[in-house]
Amino acid sequence: MAPIFYDTHAHLDFPDFESDIAELLQRAKAANVSRIIGIGTDLESSRRAIRLAEAHEALFAVVGWHPNHASEAPDDIRDELAKLAAHPKVVAIGETGIDRYRLPAPAPGQPSDLHEMILRKQTRLFHQQLEVACAAGLNCVIHQRAAFEETLAVLTPYLDRTKGVFHCFVDGAVAARRVLSLGCLVSFTGILTFKSAVDVRASLEMASPGTFMLETDCPFLAPVPYRGKRCEPSYVLHTADAAAQVKHTDLQALSAMTCGAAHSFFPKLG
Ligand SMILES: [Zn+2]
């Protein structure tokens, strides 16, 4: 039997997929991508991810508020988020974290410390989501960009009650070692297939079985040979091919490693 893979990070609630979600799920099924985790980026998106998970057996949901949308968030999302987290198909909290890379340019009339204000809001939302995760007994999907140290500093005090997966990991082997030494996981997108992604492959190389997972982050980051096109869950197979080469193993063994890691990190996957 062909090996099974999971797409552990997909934004299927985005409008990009509205017109052909049924066909896309058919293609995933045909490719043996048997579980797909939809990631919420705010409360509405999280609710949509849950509705999709209710409608499709292969789909699960992660609920949270993405740092890039921090400005639009209410001051306190804990109560609402905790309610969503109790859903049987919600397998983690996120994506949450800190992003210094994609901050908006301050428009005329906006405060000069706009970036600091946004970063404070991101950090507050990150704490709130970690609190909800700890209370719900769930792990977290972490998004960080250009904020590795800050992200670790916020996350570390919670790690006796929750774990994080650093999604779309691109920070190289030294950073990967730090993440793994904290008992957290790393997860790889189609970037792994890009010729230039030498550092990303180096970080996978040092990750032992059980500490890494595969994802698409679709509609973004389609692997080669679809680079630049809309990404979808079935393309995770191309990332799996690249990962198997890096790990000097076959797809069957890689399937066991990555799906096994997903089941222990997301126990509600079943
Ligand atoms: Zn994402």
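Everything here concerns the structure above.
Per chain, residues are indexed from 1 in the order of the written sequence. Reporting in this predicted model follows two pLDDT cut-offs: at least 70 for local features of residues, and 80 or more for side-chain atom pairs to be given and counted; totals over whole chains, interfaces and linings ignore these cut-offs and use all residues. To get the side-chain values, all heavy atoms of the structure are used, and hydrogens and water are removed first.

A.B. asks: Mind laying out the layout of surface pockets, listing which residues take part and the relevant values?
C.D. replies: Buriedness for pockets is judged along seven lines, at least five of which must meet protein on both sides within 12 Å for an open set on the 1 Å grid over protein atoms alone, while cavities are sets there where a 1.4 Å probe fits but cannot get out, and lining residues have an atom within 4 Å of a point. Grid points are joined across faces, edges and corners, and a volume is the space filled by probe spheres set on the points. Computed from the structure, the largest pocket encloses a volume of approximately 430 Å³. H66, R102, H143, H167 and D217 are, among the 22 residues lining the largest pocket, the residues nearest its centre. Of the residues contributing to the lining of the largest pocket, the split by class is nine nonpolar, eight polar and five charged. Computed from the structure, the second largest pocket encloses a volume of approximately 320 Å³. Contributing to the lining of the second largest pocket are 16 residues, with K29, V33, S34, E57 and A58 lying nearest its centre. Just so you know the grouping, Ala, Val, Leu, Ile, Met, Phe, Trp, Tyr, Cys and Pro go in nonpolar, Asp, Glu, Lys and Arg go in charged, and all remaining residues, Gly too, go in polar.

A.B. asks: Please give an account of the nonpolar core that cites residues and values.
C.D. replies: Residue types Ala, Val, Leu, Ile, Met, Phe, Trp, Tyr and Cys, when buried and joined through side-chain atoms within 4.5 Å, form a set referred to as a nonpolar core. Note on classification: 1.4 Å probe, protein chains only; a residue is buried when its accessible area is under 20% of the maximum for its type, exposed when over 50%, partly exposed between these limits. L12, I93, F166 and L254 are the most contacted members of the largest nonpolar core, which totals 80 residues. Only DSSP runs of H or I with at least four residues qualify as helices, and only runs of E with at least two residues qualify as strands; both kinds are numbered from the N terminus onward. Sort the elements by how many residues they give to this core and helix 4 (residues 114-136) lands first, with nine residues. By definition in these notes, contact holds between two residues if any of their heavy atoms fall within 4.5 Å. Not counting residues up to four positions away in its chain, the partners in contact with F166 are I142, Q144, F148, T151, L152, L155, V179, C184, L185, V186 and S187. By size, the runner-up hydrophobic cluster in this structure holds 17 residues, among which are F60, A92, L185 and M213.

A.B. asks: Report on empty space enclosed by the protein, specifying residues and quantitative values.
C.D. replies: Going through the model one piece at a time under the given rule, you end up with two cavities of 30 Å³ or more. Looking at the largest cavity, its volume works out to about 40 Å³. Considering the residues around the largest cavity, the lining is formed by L12, D13, G38, A49, L52, A53, L59 and F60. Among the secondary structure elements, those contributing two or more residues to the lining of the largest cavity are helix 2 (43-55) and strand 3 (59-63). The element contributing the most residues to the lining of the largest cavity is helix 2, with three residues. Its residues assigned to classes, the lining of the largest cavity comprises six nonpolar, one polar and one charged. Within this model, the second largest cavity holds a volume of roughly 30 Å³. T8, H9, V141, V165, H167, S187, E215 and F266 together form the lining of the second largest cavity. Residue classes in the lining of the second largest cavity are distributed as three nonpolar, four polar and one charged.

A.B. asks: Lay out the coordination of the zinc ion with the relevant residues and their values.
C.D. replies: In this description, a donor is an N, O or S atom within 2.8 Å of the metal centre, a cutoff extended to 3.2 Å for sodium, potassium and calcium. Water is not part of the atom list, which can make sites seem incomplete. Donor atoms from the polypeptide that bind the zinc ion are H9 (NE2), H11 (NE2), E95 (OE) and D217 (OD), placed at 2.1 to 2.6 Å. A site with four donors is called tetrahedral when every donor-metal-donor angle falls between 85 and 135 degrees; four donors are called square planar, and six octahedral, when opposite donors sit more than 155 degrees apart and all other angles fall between 65 and 115; any other arrangement is irregular. Its four donor atoms give the zinc ion angles of 85 to 177° at the centre, a pattern that matches the irregular case. As a motif over one chain, the donors of the zinc ion read H-x1-H-x83-E-x121-D. Of this pair, E95 sits in strand 4 (residues 90-99) while D217 sits in the loop between strand 8 (212-214) and helix 8 (236-246), and the two are 122 residues apart along the sequence. Judged on exposure class, the residue E95 and its partner D217 are both buried.

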